[in-house]
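What follows is the residue order along each chain.
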Amino acid sequence: MRRQQRQQQPQQPQQPQQPQQPQQPRRGRSLPGAVGALCRALPPHARPAPDTLRCAKFDRPQASLDFWRLLYALLKQIHGRKWTESDGIDNQIRFVKAALWYHGYDRPELYRLPSDGSVGSRELLLAFSWLLHRISLLEQLLARNRVKTGDETSVCTCEDDLPNSLKGTTEKAPKPGLEGGVDVRYLQWLNGRLRFQWRSLHAQHQEQCKLLHKIHLFTSGSHMDQVLGHLSVTETDLVRQPENYKQLLQLLESETLQLEAFLEWKQLEPVYWQWMVKTREEELQKEGFSATARKIQESVELKLLDLTYLCAPPKKRMHGSHRLVFRSKHPASKMVFGRSVSKESFSTVSATEVIRELQMREASLVRELKQLQEECRQRLNEVAEGLDGVICISP
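Position labels on residues start from 1 in each chain and follow its written sequence. With the structure being a predicted model, the display of local features is reserved for residues of pLDDT at least 70 and the display and counting of side-chain atom pairs for 80 or more, all residues being used for whole-chain, interface and lining totals. In computing side-chain values, all of the structure's heavy atoms are included and hydrogens and water are not.

Draft legend 1. Here's a closer look at the packing of helix α4 (residues 64-78) against helix α7 (residues 121-134). Between α4 and α7, whose axes approach to 9 Å, the crossing angle comes to 25°. By the angle between their directions, the pair α4 and α7 is classed as roughly parallel. α7 is crossed by α4, and the crossing has left-handed handedness. Taken together, the residues of α7 that come into contact with α4 (itself represented by S64, F67, W68, L70, L71, L74 and L75) are S121, L124, L125, F128 and L131. Helix axes are fitted to C-alpha atoms over the stretch in contact, other axes to C-alpha atoms as well, and angles between N-to-C directions run from 0 to 180 degrees. Runs of H or I in DSSP of at least four residues are treated as helices and runs of E of at least two as strands, each being numbered from the N terminus. An angle below 35 degrees is read as roughly parallel, one above 145 as roughly antiparallel, one from 65 to 115 as roughly perpendicular, and any other as oblique. Definitions for this section: a left-handed crossing has its near helix turned counterclockwise from the far helix by less than a right angle. A right-handed crossing has that turn clockwise. The contact criterion used is simple: two residues touch if any of their non-hydrogen atoms lie within 4.5 Å.

In structure tokens, the structure reads:
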């Protein structure tokens, strides 16, 4: 009977379980991870301590010098120049300001900082974060400092086009005049020196291409990857001196750790930007509402100008480093520029195509040069007409 009563009792309907909301990472725990990953993703010789960024948020003076040196080392690498720690702090600060101005950083508070590096750590933190977002600082550094096991060459068919927001960032040159001008003979000497250095560099580059061609030709068929087919300079050196693999292995391990830190940074990047928003709010409270509103209006106007530039129809351009791959089966184009070495996605660009593109660019520049020379001749004739007893002879 009890069993029948239990069976007759109506079962209570179960309440639907509410979906569990994903737990959001606590800001206090993930912020140190984001800052630490950001620091580890930077190059080893220019890697700040996480405490430097935290001190800069509170505008601590002791973090100013470290931040100036950090920006100096990073921007030197972006511009492909060598840097040494022996450079004076005033020269480092001067270079950082010039480089930031070149990239379009127009915050006047940074350029008012003293040249001794005693204050301004929060301003430098804002500039550093601006570089992270505006020019993809980490990505550029990883691309420049990666371990290159293959022979590469730089190909660029881009034109020197700038967004409208960057066209007025350079100082206007003074109008040419007789008083306070530069001696023409000095300019001619600089032009001759520049031409000599360019010819020397061009000769060295041609010699390098000849040596690369010999290595690729003599090692043809030696590579285990049939897509490449030949060895690079680094691989040839490892075959001749196998003991050098330890140094290469250390470089690859260091790069792997840096790439892992970069992946961790990309996951925690939103936490960092929330932290920077609060840092920016502290600056806005100091500057006042009126100045902030004016800057926002100027920024919006620049963004609208940039939209016109960015919405222009894209042109087919090549830019970046390409691996050199020798092709003996195609007599029309024996040298090929490859972007990757995988068989699945091996996009190549023939050297003949690049040369044709550069020749067209050269012809366009020659026409522009002739036009500028003609304008200079007309300008010189106008100046000579106003001078008594002076005759200008065209070269």
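Draft legend 2. Geometry of a nonpolar patch on the surface. A surface patch of nonpolar side chains, about 500 Å² in accessible area, is lined by V182, Y186, L187, W189 and L190. Examined against the element boundaries, Y186 turns out to sit in helix α9 (residues 184-218). When a residue's accessible area, from a 1.4 Å probe over protein chains only, is under 20% of the maximum for its type it is buried; when over 50% it is exposed; and in between it is partly exposed. Take Y186: its relative accessible area is 44%, and that puts it in the partly exposed class. Residues with no salt bridge and a relative accessible area higher than 30% make up the patches, which join like charges within 9 Å and nonpolar side chains (Val, Leu, Ile, Met, Phe, Trp, Tyr) within 5 Å. Accessible surface area values rest on a Shrake-Rupley calculation with a 1.4 Å probe, where residue burial reflects the displayed protein chains alone. Each salt bridge in this description consists of a side-chain nitrogen of Lys or Arg and a carboxyl oxygen of Asp or Glu lying within 4 Å of one another.

Draft legend 3. Expanded view of the environment of W130. With respect to the secondary-structure elements, W130 resides in helix α7. Here the alpha-carbon distance between W130 and Y105, two residues 25 residues apart in the chain, equals 8.1 Å. Discounting residues that sit within four places of it in the chain, W130 has contacts with H103, G104, Y105 and I135.

Draft legend 4. Helix α8 (residues 137-145), seen in detail. Looking at α8, one finds that the buried residues are L137, L138, L141 and L142. Summarising the axial view, the buried residues of α8 lie within an arc of 130°, below the 170-degree limit, and thus occupy one face. The arc in question is formed by the directions pointing from the helix axis toward the C-beta atoms.

Draft legend 5. Representation of the nonpolar core. Core analysis: the largest hydrophobic core is formed by 49 residues, its most contacted members being L53, F67, F128, L137 and Y272. Every element with two or more residues in this core is listed here: α2 (27-41), α3 (50-57), α4, α5 (89-103), α7, α8 and α11 (245-287). Take this core: its biggest share by element is 9 residues, from α4. When neighbours within four sequence positions are excluded, Y272 is seen to be in contact with A34, V35, L38, L53, L125, F128, S129, L132 and W265. Put simply, a nonpolar core is a bunch of buried Ala, Val, Leu, Ile, Met, Phe, Trp, Tyr and Cys residues held in one set by side-chain atoms that sit within 4.5 Å of each other.

Draft legend 6. Spotlight on empty space enclosed by the protein. Note on definitions: the grid is 1 Å and covers protein atoms alone; a cavity is a set of points where a 1.4 Å probe fits but cannot get out; a pocket is an open set with protein on both sides within 12 Å along at least five of seven lines; lining residues have an atom within 4 Å of a point. Grid points are joined across faces, edges and corners, and a volume is the space filled by probe spheres set on the points. In this structure the tally under the stated criterion is 1 cavity of 30 Å³ or more. Here the largest cavity is characterised by a volume of approximately 40 Å³. Forming the boundary of the largest cavity are L141, L142, N145, R146, E255, Q258 and L259. Among the secondary structure elements, those contributing two or more residues to the lining of the largest cavity are α8 and α11.

Draft legend 7. Quick peek at α5. What a helix is expected to span follows from its residue count: subtract one and scale by 1.5 Å. An ideal rise of 1.5 Å per residue puts 21 Å on 15 residues; α5 measures up with 21 Å between its terminal C-alpha atoms. All of the buried residues in α5 are Q92, I93, F95, V96, K97, A99, L100 and H103. The positive-phi residue at the C-terminal boundary of α5 is G104, with phi of around 100°.

Draft legend 8. Fine view of unusual backbone geometry. With phi around 60°, D59 is a residue other than glycine that occupies positive phi space. Relative to the assigned elements, D59 resides in the loop between α3 and α4. On the basis of relative accessibility, which here comes to 30%, the residue D59 falls in the partly exposed class. In the Ramachandran plot, S136 falls in the positive-phi region, its phi being about 55° despite a non-glycine side chain. Turning to its location among the elements, S136 is positioned in the loop between α7 and α8.

Draft legend 9. Up close: the pattern of salt bridges. Counted under the stated rule, the structure contains 11 salt bridges. Measuring nitrogen to oxygen at the nearest pair gives 2.7 Å for the salt bridge that ties D51 to R54. Placement of both D51 and R54 in helix α3 is noted, with a separation of 3 residues, approximately one turn of the helix. Taking relative accessible area as the criterion, R54 reaches 30% and is therefore assigned partly exposed. Each of the salt bridges in this network shares a partner with another, and the network as a whole consists of R107, E109 and E123.

Draft legend 10. Examining the packing of aromatic side chains more closely. Note on ring pairs: Phe, Tyr and Trp rings are taken, using the six-membered ring of Trp, and paired if centres are within 6.5 Å. Classes follow the plane angle, with under 30 degrees stacked, over 60 edge-to-face and the rest tilted. The tally for this structure, following the rule as stated, stands at 8 aromatic pairs. Taking the centre distance of 5.3 Å and the plane angle of 70° together, the rings of W265 and Y272 count as edge-to-face. Take W265: its relative accessible area is 2%, and that puts it in the buried class. Residue Y272 is classed as buried on the basis of its relative accessible area of 0%.

Draft legend 11. The arrangement of the environment of A261 in detail. Note on placement: A261 falls in helix α11. You can call A261 buried: its relative accessible area is 3%. Taking the C-alpha atoms as reference points, A261 and R40, separated by 221 residues in sequence, lie 5.8 Å from one another. With sequence-adjacent residues up to four places away left out, A261 is seen in contact with A37, R40 and A41.

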